[in-house]
Amino acid sequence: MAEPAKLELLTRRPGKPGFEIHEVQSLQAYLGFRPGRPPETEWELTPQPRGLDGSRNYILKSHKRDNYLLLSPQEYFLWEHFDGHHSLNEISRALHFKFGSFDFEIIRQFLGKLYLAGLLNEIQTTGLRRSVARRHERWWEGPFAAISKYWSRITIRVSDADHYCAALYDRGGFLLFCWPFLVSYGALLIGAIIAVSRLWPHMVEIAGRVAARPLLSTAIMLATIVFVAMLHVLVHALACKAYGRKVREMGFFLLQGLLPTFYADVTDIFLSSRRVRVMVDLAGPMVEVVCGSIAFIGAYCAEAGFAQSLLFGAGLVLWESALLNLYPFNFLELDGYNILADLLAMPTLRQRALALVRRLPHRLRSGKMPDRAEWIQLGYLALCLVSVLAYIIAHLDAIGVELSVRRAPP
Amino acid sequence: MRSATQSVPEFLHKVAFLQDLDVQTLSILTPLLVTKKIKSGAVIFRELDASDALYIVEQGGVVVSKHVAGEVDIVLTRFHPGDFFGEMGLFDSAPRSATAHAESDTVLWRLGRDAFGRILSDHPAMAARICYRLVMVFIRRLRATNEQAREAIRWGLEATGYSPEETPATFGRKST
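Small disclaimer: the values here were computed from a predicted structure and weren't measured. (Residues numbered from 1 in each chain as written. Chains lettered and ligands numbered in written order. Predicted model: local features only at pLDDT ≥ 70, side-chain atom pairs only at ≥ 80, totals over all residues.)

**A few points about the overall build of chain A**
Here comes step 1: Each helix and strand counted, chain A has 15 helices and eight strands in total.
Here comes step 2: Each of the 410 residues in chain A was classed as buried or not, and the buried ones make up 30%.
Here comes step 3: The long-range fraction of contacts in chain A, counting pairs at least 24 apart against all pairs at least 6 apart in sequence, stands at 64%. (Helix = DSSP H or I, 4+ residues; strand = E, 2+ residues; numbered from the N terminus. Buried ≥ 20, exposed ≤ 12 C-beta atoms within 10 Å, placed from the backbone. Contact = placed C-beta atoms within 7 Å.)

Next up, the structure:
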């Protein structure tokens with residue numbers, strides 16, 4: 001980190017000759033800085049359910065920039081004190097009395113978050129941050145940033161999604177969440193289970209017919225998956241509207257920078273209850289379950305042939321997709337992960353777990369054992385690792401079996 | 001206050017804008033310079049004063065500052081023996097852009113605009129050499145000013161807790 005910036009000031013005393021020179025470091029001014037919240041009309045604060053460690057997080061929404069911040073208990077304390085009257089020096093002392101020993105860097109980081117969200121009075125962020133930071137970048141950071149920039153452009157956004165979703169919800173979308181429809185989903189599921197149990201003895205013939213036309217089968221399956229994935233995201237958005245919250249945007253992006261997928265930004269549900277969040281999370285995978293069920297029932301009703309095989313295959317793929325989506329331990333922030341994070345009241349479970357792993361060796365060396373919340377984070381990571389390894393081993397095993405079958409003499 | 005003699009003071013050889021002049025040429029210039037002794041803490045010129053001369057520092061030190069608020073100025077730069085300041089006053093008649101104080105007991109040599117005008121008309125070759133060096137100094141000082149502006153902005157950012165090293169992230173949930 002660069003040395004703190006300094007300013008030299010020349011001061012005169014009225015009516016007296018001469019002058020004095022003072023060197024003022026930015027740090028001195030920083031301690032005297034009195035950050036102020038904008039008026040209450042520009043933001044909204046919602047408490048979240050208490051976590052396992054008894055602490056409570058808060059969601060702070062900026063109406064001006066339409067973005068959200070997750071506040072830890074310490075950050076909430078700071079926010080309450082950023083009233084424009086208390087200096088950072090006073091606030092940091094108060095924070096120390098309230099929470100005991102803590103990392104003062106939290107104040108600087110929180111101020112950074114507020115600047116980005118436009119939640120501090122009279123100070124606006126500009127491109128200056130990047131131009132100042134550019135002086136310190138390492139040789140590989142330039143090309144890396146350029147690649148990241150182009151990679152991140154693989155994104156399609158519909159920013160006016162709330163308008164379209166509201167219209168769709170009002171013109172019939174609400175029916176999806178009515179009791180008769182919910183009951184019919186259950187009936188479809190039961191019907192599908194019966195259909196699968198009846199068709200299961202004929203699995204070899206069904207699979208054989210799909211394998212006989214691999215290109216056509218793959219193309220139809222892919223089209224089905226893409227279509228249902230779009231429907232999945234749309235139902236998430238409609239569920240969000242069903243609970244009266246806003247859909248910030250919808251589109252296509254790379255999940256965690258890797259996995260191409262459709263998405264609906266439903267962050268606004270954090271201003272509702274935990275139950276609502278879980279319901280919105282569940283609404284998406286229900287699409288795969290219902291569509292898969294319809295496909296299975298269709299396969300059961302159809303005559304034996306390519307169409308029946310395709311329907312059965314689609315049902316399998318969609319149910320597997322729902323299962324993967326609901327399984328929380330795969331390092332991906334899919335619906336199951338979101339439900340788990342909501343139930344544990346740890347909205348940033350994955351990030352916190354990964355951050356914990358990075359500092360764990362140092363923590364253990366200093367003799368400080370993880371607390372309850374940290375054990376949960378470590379447990380999450382361990383289950384993710386085991387699950388991913390099991391998934392890889394199972395698929396390698398399947399590939400091995402397939403190869404040995406092909407090599408075997410007829 | 002006294003007029004400079006025909007002999008060329010040694011320190012003039014080290015002054016940046018005179019470094020292309022030989023002894024003979026310097027001896028033509030020297031009589032045009034006027035010495036001034038300034039007490040420590042005294043004002044040499046104030047911001048918005050009429051501007052009509054350049055000063056060369058022979059002894060002592062000068063601090064140049066610009067008014068910010070009340071009785072507070074921000075220090076722009078300092079000058080030491082061999083340095084010169086106030087050169088803008090040679091070329092335009094706009095008021096002084098900053099205030100100059102003597103930081104200690106100081107001896108200055110003043111080159112007035114009238115005297116510089118005589119050099120331009122009577123000794124064009126010498127004037128060209130001086131002007132070339134002055135331009136080089138202007139460029140250097142402009143670069144220093146840019147750097148100073150950057151530092152002042154960095155100071156402001158740091159003072160308000162705005163850290164360029166941090167990349168704070170907003171919170172969000174994208175259902176997939």
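Having seen it, we continue.
**Some points on the overall build of chain B**
Here comes step 1: Across its full length, chain B holds four helices and nine strands.
Here comes step 2: Secondary structure elements in chain B, listed N-terminal to C-terminal, are α-β-β-β-β-β-β-α-β-β-α-α-β.
Here comes step 3: Residue burial in chain B is summarised as follows: out of 176 residues, 30% are buried.
Here comes step 4: Considering only contacts within chain B whose residues lie at least 6 apart along the sequence, 75% involve residues at least 24 apart.

**Let's talk about the nonpolar core**
Here comes step 1: Of all hydrophobic cores here, the largest spans 68 residues; its most connected members are V233, A237 and V247 of chain A.
Here comes step 2: Tallying contributions element by element places helix α11 (residues 274–301) of chain A first for this core, with ten residues.
Here comes step 3: The two domains that each donate at least three residues to this core are domain 1 (1–136) and domain 2 (156–345) of chain A.
Here comes step 4: With residues near it in sequence (within four places) discarded, V247 of chain A still touches A161, D162, C165, A237, C240, K241, A264, D265 and V266 of chain A.
Here comes step 5: Ranked by size, the runner-up nonpolar core spans 34 residues in total, among them I38, I44, L90 and W109 of chain B. (Core = buried A, V, L, I, M, F, W, Y, C linked by C-beta atoms within 7 Å. Domains from an automatic or database assignment.)

**Some points on the pairing of strand β8 (residues 106–112) of chain B**
In regular strands, side chains alternate between the two faces of the sheet.
Residues and elements named next belong to chain B.
Here comes step 1: Across five bridges, the pairing between strand β1 (residues 34–38) and β8 is antiparallel. The partner of T35 across the bridge, within β8, is W109.
Here comes step 2: As paired strands, strand β3 (residues 53–59) and β8 are joined by six bridges and run antiparallel to one another. Bridged to Y55 within β8 is R110. (Pairing = 2+ DSSP bridges.)

**So, the interface of chain B and chain A**
Many analyses report the size of an interface as the accessible area lost when the parts associate.
Here comes step 1: Taken together, the 32 residues of chain B in the interface contact 55 residues of chain A.
Here comes step 2: Counting residues per element, the ones that place at least two in the side of chain B that touches chain A are β4 (62–69), β5 (72–79), α4 (124–159) and β9 (174–175) of chain B.
Here comes step 3: Examining the composition of the side of chain B that touches chain A, we find that eight residues originate from one element, α4 of chain B, more than from any other.
Here comes step 4: Split into classes, the residues belonging to the side of chain B that touches chain A amount to 13 nonpolar, ten polar and nine charged.
Here comes step 5: Here strand β1 (residues 6–11) of chain A runs beside β5 of chain B; their pairing, made up of three bridges, is antiparallel. Paired with L10 of chain A across the bridge in β5 of chain B is D73 of chain B. (Nonpolar A, V, L, I, M, F, W, Y, C, P; charged D, E, K, R; others polar.)

**What about the confidence of the model for chain A?**
Here comes step 1: Per-residue pLDDT for chain A has a mean of 85; in total, 91% of the residues score no lower than 70.
Here comes step 2: Confidence drops under pLDDT 50 across residues 123–136 of chain A; counting only partners more than four residues distant or on other chains, this segment forms eleven contacts. (pLDDT = per-residue confidence, 0-100.)

**Section: the sheet that holds strand β3 (residues 43–50) of chain A**
Residue and element names in this part refer to chain A.
Here comes step 1: Judged by pairing direction, the sheet is antiparallel, and its three strands sit side by side in the order β3-β4-β5 without closing on themselves. Looking at which strands have only one partner, the edges of the open sheet turn out to be β3 and β5 (67–71). With strand direction ignored, the average angle separating the axes of adjacent strands in the sheet is 20°. (Axes fitted to C-alpha atoms, helices over the stretch in contact; angles between N-to-C directions.)

**A closer look at the confidence of the model for chain B**
Residues and elements named next belong to chain B.
Here comes step 1: Looking at chain B as a whole, its pLDDT mean stands at 87, while 92% of the residues score no less than 70.
Here comes step 2: The model gives residues 1–5 a pLDDT under 50, and that stretch makes ten contacts with residues more than four places away or in other chains.
Here comes step 3: Scoring the predicted complex yields pTM 0.63 and, for the interface, ipTM 0.76.

**Digging into the pairing of β3 of chain B**
Residues and elements named next belong to chain B.
Here comes step 1: The element β3 is extensively covered by neighbouring structure, given that six of its seven residues are classed as buried.
Here comes step 2: Bridge count between β3 and strand β6 (residues 84–85): two bridges; the pairing is antiparallel. In the strand pairing of β6, I56 is matched with F84.

**A short note on the sheet that holds strand β8 (residues 259–265) of chain A**
Here comes step 1: The sheet built from four strands is open, its strands ordered β6(A)-β7(A)-β8(A)-β9(B) with antiparallel pairing. Strands at the two margins of the open sheet, each flanked by one partner only, are β6 (156–158) of chain A together with β9 of chain B.
Here comes step 2: Pairing analysis gives two bridges linking β8 of chain A to β9 of chain B, with the strands arranged antiparallel. Residue A264 of chain A lies in a different strand from β9 of chain B, and its bridge partner there is S175 of chain B.

**Some details on unusual backbone geometry**
All names here are of chain A.
Here comes step 1: Backbone geometry at D66 places phi at a positive 55°, although glycine is not the residue there.
Here comes step 2: You can see D66 is positioned in the loop between β4 (56–62) and β5.
Here comes step 3: Even without glycine at this site, A345 takes up a positive phi of about 55°.
Here comes step 4: By the element assignment, A345 lies in the loop between α13 (335–344) and α14 (349–365).
Here comes step 5: Taking the C-beta count within 10 Å as the criterion, A345 has 18 such neighbours and is therefore assigned partly exposed.

**Thoughts on the packing of helix α9 (residues 203–212) of chain A against helix α12 (residues 306–326) of chain A**
Residue and element names in this part refer to chain A.
Here comes step 1: Between α9 and α12, the least distance of the axes is 8 Å, while the angle of their chain directions is 100°. One finds that α9 runs roughly perpendicular with respect to α12. Seen from α9, the contacting residues are I206, R209 and V210; seen from α12, they are F306, Q308, S309, L310, F312 and G313.
Here comes step 2: Split by residue class, the contact of α9 with α12 holds five nonpolar, three polar and one charged. (Parallel < 35°, antiparallel > 145°, perpendicular 65-115°, else oblique.)

**Focus: the packing of helix α8 (residues 179–199) of chain A against α11 of chain A**
Residue and element names in this part refer to chain A.
Here comes step 1: Between α8 and α11, the shortest axis-to-axis distance is 8 Å and the interhelical angle comes to 45°. The orientation of α8 with respect to α11, classified from their angle, is oblique. Every pair of crossing elements has a handedness; the one defined by α8 and α11 is left-handed. Where α8 abuts α11, its residues Y185, L188, L189, G191, A192, A195, V196, R198 and L199 lie against M286, V289, V290, G292, S293, I294, F296, I297, A299 and Y300.
Here comes step 2: Residues that form the contact of α8 with α11 fall into these classes: 15 nonpolar, three polar and one charged. (Left-handed = near helix turned anticlockwise from the far one by under 90°.)

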